[in-house]
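# Structural overview
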Amino acid sequence: MENWHKYQPLLYIPNPKEIQPVDNQPGRRFRLARGLRQGCPLSPLLFNLVGEALNLMLEKATRVGLFSCFMVGYGDNALEISHLQFADDLILFCGASENQVQNAKRVLRVFELTSGLKLNLKKCTLFGVNTCAHEVRGWASRVGCSEGKLPSDYLGLPLGAKKNNRLIWQPWFWRFGWEVSSPWKCIVAAKYNFDPGDICLPSLRGRGLSWMWRDILQNFYEEIGGQNLRDIFKIQVSDGRRVNFWQDTCIGNCPLMIAFPRMFALALNKEGKVSDFGTKTNNGWVWSIQFRRNVFDWERDQFDAFFRLLHEFEPQRLT
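Anyway, here's the lowdown on the structure attached to this text. (Residues numbered from 1 in each chain as written. Predicted model: local features only at pLDDT ≥ 70, side-chain atom pairs only at ≥ 80, totals over all residues. Heavy atoms only, no water.)

## Quick look at the pairing of strand β5 (residues 83-86)
As defined by bridge partners, β5 adjoins strand β6 (residues 89-92) across four bridges and the pair is classed as antiparallel. What sits directly across from Phe 86, in β6, is Asp 89. Counting the residues that bridge the hairpin from β5 to β6 gives two residues, and of these Ala 87 lies at a positive phi of roughly 55 degrees. (Pairing = 2+ DSSP bridges. Helix = DSSP H or I, 4+ residues; strand = E, 2+ residues; numbered from the N terminus.)

Right, here's the structure in full:
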C-alpha cells in the first residue's frame, strides 16, 4: 500500500471527459459528473472493496444478535447462512419477526450512509417462508418494500420451484460433481452432513430426502447393466484428504468395508479419510488404525490380509 500513490495517477484521471458518438461519428465531449468510465481498471477493485465491507457488516450484525441467520445441517459440517451476494444483488435472511426485519433494514441504512450507495426499497422484496401472509404483508408495508410470494425468480433461477421442474435443475446435477467449494454445494453437503470435497457421494437412503438430492444420487448409483457408476471406477489417491478410507474404492478392487467387514465392524473410526488413518512418508504410508478390541483367532486371517493389502498400497501422484 505504500506504493499505491505511484499507481494512482495511472488509474484515476482528474476531471474525466467522454465523447458521445453520433451516427458513428465522434460527437462533442462532456464531463463525467460521477462514477467511473466503462472499462476502468479501478471498477472491479472498488466494487469488491465495497461488497466486502457490506459482507463484514452483515456478519457482525448476526454475531451481535441484530438478526439471526439460519443453520443448515448439523455436526462439524453445519453451515450458517445470513446472506448471499451476487454482484450488486443481495439475498438477506433473518428471523420471522418485525424487529429482525427492521434491524436488517437499519444495517443496510448504515451501509448506505457510510458508502454513499443508496438503498432503493422499491426494488426490494420481502418473502416469508412458513409465515402467515398477512404478517409478511404488514412487515413489508412498514419497512417500505414490496411483498413477494413463492415460487418466484431470482437472477433467472427459480425460488421455491416445484418438483416437476426437473428440466430447470438438471444442469446443476452435473455441476455438483466438479464444483468443490461453490456455496450451493456447501449448503447441500451441510444439509446431508458430508464433506463437499468428497469425490464419492454418500449412499443416503430413507425418508426425508429432497427430490433434488435423490436425483443427484440416482446419477451416481443408478445401475446400468447390473452395475452402477460408483462400483465400476477406482479412485487414485494422492494425499488422501478427499477420499474416504472405508467407503471409497481406493485400496483394492472394492471398498474396504465390503472386502473386510469384520475390520470395519471393529474400527473406532468408520467415517475418516485415508489421511486420518495413515501418514505419507518417502518410504510409503505408515498406517495407524485403532480397533475397539483385539481380534479373535477366527478373525486373524482377515486381519492379516487387511494389513497386507495396506502395506502393498502405493499412492499415485495426480497430474
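Next comes the rest of the write-up.
## Points about helix α4 (residues 133-143)
Taken residue by residue, α4 has Val 136, Gly 138, Trp 139, Ala 140 and Val 143 as its buried positions. Contacts made by the buried residues of α4 are with α3 (98-115), β7 (125-127) and β8 (146-148). One or two steps after α4, the chain reaches Gly 144, where phi turns positive at roughly 105 degrees. (Buried < 20%, exposed > 50% of the residue type's maximum accessible area, 1.4 Å probe, protein only. Contact = heavy atoms within 4.5 Å.)

## A short note on the side chain of Gln 100
When you line up the elements, Gln 100 lands in helix α3. Apart from residues lying up to four places away in sequence, Gln 100 is in contact with Leu 66, Phe 67, Ser 68, Cys 94 and Gly 95.

## Structural notes on the pattern of salt bridges
Under the counting rule described, the total for this entry stands at six salt bridges. Glu 299 is paired through a salt bridge with Arg 293; the nearest N and O atoms lie 3.0 Å apart. Taking relative accessible area as the criterion, Glu 299 reaches 1% and is therefore assigned buried. Asp 304 serves as the salt-bridge partner of Arg 300, at 4.0 Å between the closest nitrogen and oxygen. (Salt bridge = Lys/Arg side-chain N within 4 Å of Asp/Glu carboxyl O.)

## A word on the packing of helix α2 (residues 42-63) against α3
Packing of α2 against α3 brings their axes to within 11 Å, and their N-to-C directions diverge by 145 degrees. Crossing handedness for the pair α2 and α3: right-handed. On α3, the residues that touch Val 50, Leu 54, Met 57, Leu 58 and Ala 61 of α2 are Val 107, Leu 108, Val 110 and Phe 111. Residue composition of the contact of α2 with α3, grouped by class: nine nonpolar, no polar and no charged. (Axes fitted to C-alpha atoms, helices over the stretch in contact; angles between N-to-C directions. Left-handed = near helix turned anticlockwise from the far one by under 90°. Nonpolar A, V, L, I, M, F, W, Y, C, P; charged D, E, K, R; others polar.)

## Some points on the packing of α3 against α4
Here α3 crosses α4 at 30 degrees, and the two axes come no closer than 10 Å. For the element pair α3 / α4, the angle class is roughly parallel. Crossing geometry of α3 relative to α4 is assigned as right-handed. Listed contacts from α4 to Glu 98, Val 101, Gln 102 and Lys 105 of α3 are Trp 139, Arg 142 and Val 143. For the contact of α3 with α4, the class distribution of residues is three nonpolar, one polar and three charged. (Parallel < 35°, antiparallel > 145°, perpendicular 65-115°, else oblique.)

## Considering unusual backbone geometry
Here the residue pair Leu 150 and Pro 151 is connected by a cis peptide bond, since its omega of 0 degrees sits within 30 degrees of zero. Summarising the element assignment, Pro 151 is placed in the loop between β8 and β9 (152-154). The phi angle at Asn 130 is positive, at roughly 55 degrees, despite the residue not being glycine.

## A look at the packing of aromatic side chains
Applying the stated rule across the entire model yields 13 aromatic pairs. Look at Trp 246 and Phe 277: their rings are 6.2 Å apart centre to centre, the planes differ by 90 degrees, and that puts the pair in the edge-to-face class. Taken together, the residues span a long stretch of sequence, with Trp 246 in the loop between β12 (227-228) and α8 (256-259) and Phe 277 in helix α10 (residues 274-277) at a distance of 31 residues. Pair check on accessibility: Trp 246 and Phe 277 agree, each one buried. Consider the rings of Phe 260 and Phe 306, whose centres lie 5.3 Å apart with planes at 70 degrees: the pair is edge-to-face. Here Phe 260 is found in the loop between α8 and α9 (261-266), whereas its partner Phe 306 is found in helix α11 (residues 300-312), with 46 residues between them in sequence. The exposure class of Phe 260 is buried, given its relative accessible area of 9%. Taken together, the aromatic side chains of Phe 245, Trp 246, Phe 260, Phe 264, Phe 277, Trp 287, Phe 291, Phe 303, Phe 306 and Phe 307 make up a single cluster linked through ring pairs. Across from the ring centre of Phe 264, 5.7 Å away, lies the NZ or CZ of Lys 270, which sits over that ring. Geometry around Phe 296 places Arg 293 over its ring, the cationic atom sitting 3.9 Å from the centre. (Phe/Tyr/Trp six-rings, centres within 6.5 Å; stacked < 30°, edge-to-face > 60°. Lys NZ or Arg CZ within 6 Å of the ring centre and 35° of its normal.)

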